[in-house]
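Breakdown of the fold
Okay, here's what each chain looks like letter by letter:
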Amino acid sequence: MAKLGVNIDHVATLRQARQGTEPNPVWAAVEAELGGADLITVHLREDRRHIRDRDVELLRHTVQVPLNLEMAALDEIVAIALRIKPAMATLVPEKRTEVTTEGGLDLAANAPTITTVVGKLTDAGIKCSAFIDADLRQVHAAQQAGFAICELHTGPYALAVAGSAYDRELERIRAAGEEILNCGMQLNAGHGLNYTNVQAIARLPHLSELHIGHAIVSRAIFIGLRDAVAGMKIAISNVD
């Protein structure tokens, strides 16, 4: 069974709606752990629209499971990662105008910068993951840049209507996942997954981790975060 990384960004989004102190993402991490989260994921954006520096500092010293820091390859954010030293850093693309991450990182187009950042993080003992589209060219670029892990962007799959589009996106993910493993890297997946569509992804051979946030936090409004996380763990385990 794949491990579950719970992204708590949207807890911070709600807090920032009033620029106050609640709900507290650190408390959310505790509840997620009690529900069975295997990792905690946060994205420290350049514009600090949800997670803030202090959140990452506190989470680094309070979570009992590995902390995964999603980040752009920006000097300021890289410096924070090197100082805080999360267990894992997932490099993602970032646009000021996007509501959420719109696609995978184009490693092939940014190889020198990305390779340098991966080297710095790896030398500091931080595992590096590349958030990429299900594209074999990006898989090979991730290997060449020195990434230990690839997280496949499952957004197009999550948006696909049942039928040929769904089958095509699922096959792209399957093929990219197989190539990630052939290249000696760890296979993760995430983005847009919910309690229904997660099962087909959870069936991928040798999938290590699923990173899910929005669906879990959305359900938590009605049943609480601890139970929402536990429910996602059940959904992931209910595969043939």
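Cut-off values and rules
Residues numbered from 1 in each chain as written. Predicted model: local features only at pLDDT ≥ 70, side-chain atom pairs only at ≥ 80, totals over all residues. Heavy atoms only, no water. Buried < 20%, exposed > 50% of the residue type's maximum accessible area, 1.4 Å probe, protein only. Helix = DSSP H or I, 4+ residues; strand = E, 2+ residues; numbered from the N terminus. Arc of directions from axis to C-beta. Patch = residues over 30% accessible without salt bridge, like charges linked within 9 Å, V, L, I, M, F, W, Y side chains within 5 Å. Areas by Shrake-Rupley, 256 points an atom, 1.4 Å probe, with all protein chains shown as cover. Salt bridge = Lys/Arg side-chain N within 4 Å of Asp/Glu carboxyl O. Contact = heavy atoms within 4.5 Å. Polar contact = N/O pair within 3.5 Å; in protein donor to acceptor, adjacent residues only side chain to side chain.

**Considering helix 4 (residues 75–84)**
Residues separated by three or four positions in an α-helix point in the same direction, a consequence of the helix having 3.6 residues per turn. Here helix 4 has its buried residues at Ile77, Val78, Ile80, Ala81 and Ile84. The arc that holds the buried residues of helix 4, viewed along the axis, is 160°, so those residues lie on one side. The exposed residues of helix 4 that point more than 90 degrees off its buried face are Asp75 and Arg83. Following helix 4 by one or two positions, Lys85 adopts a phi angle in the positive range, close to 60°.

**Details of a nonpolar patch on the surface**
On the surface, Trp27, Val30 and Leu34 cluster together into a nonpolar patch covering about 340 Å² of accessible area. With respect to the element layout, Leu34 can be found in helix 2 (residues 25–34).

**Digging into helix 2**
With 7 of its 10 residues buried, helix 2 lies for the most part within the structure. Within helix 2 the residues assigned to the buried category are Pro25, Val26, Ala28, Ala29, Glu31, Ala32 and Glu33. The inward-facing, buried residues of helix 2 abut strand 1 (3–7), helix 1 (9–16), strand 2 (39–43), helix 3 (53–62) and helix 11 (225–237). The opening residue of helix 2 is Asn24, an N-cap whose side-chain oxygen sits 2.8 Å from the backbone nitrogen of Val26. Residue Gly36 follows helix 2 closely and has a positive phi angle near 115°.

**Considerations on the pattern of salt bridges**
Under the criterion given, the structure shown has 10 salt bridges. Here Glu76 ties to Arg48 by a salt bridge, and the two come within 2.7 Å at their closest N and O atoms. You can see Glu76 sitting in helix 4 and its partner Arg48 sitting in the loop between strand 2 and helix 3, a full 28 residues away along the chain. Between Arg174 and Glu178 there is a salt bridge, with the nearest N and O atoms lying 3.0 Å from each other. You can see Arg174 and its partner Glu178 sitting in helix 8 (residues 164–182), 4 residues apart, about one turn around the helix. Arg174 sits in the partly exposed class, given a relative accessible area of 33%. Residue classification places Glu178 among the partly exposed positions, given a relative accessible area of 43%. Overlapping salt bridges bring together Arg48, Asp53 and Glu76 as one network.

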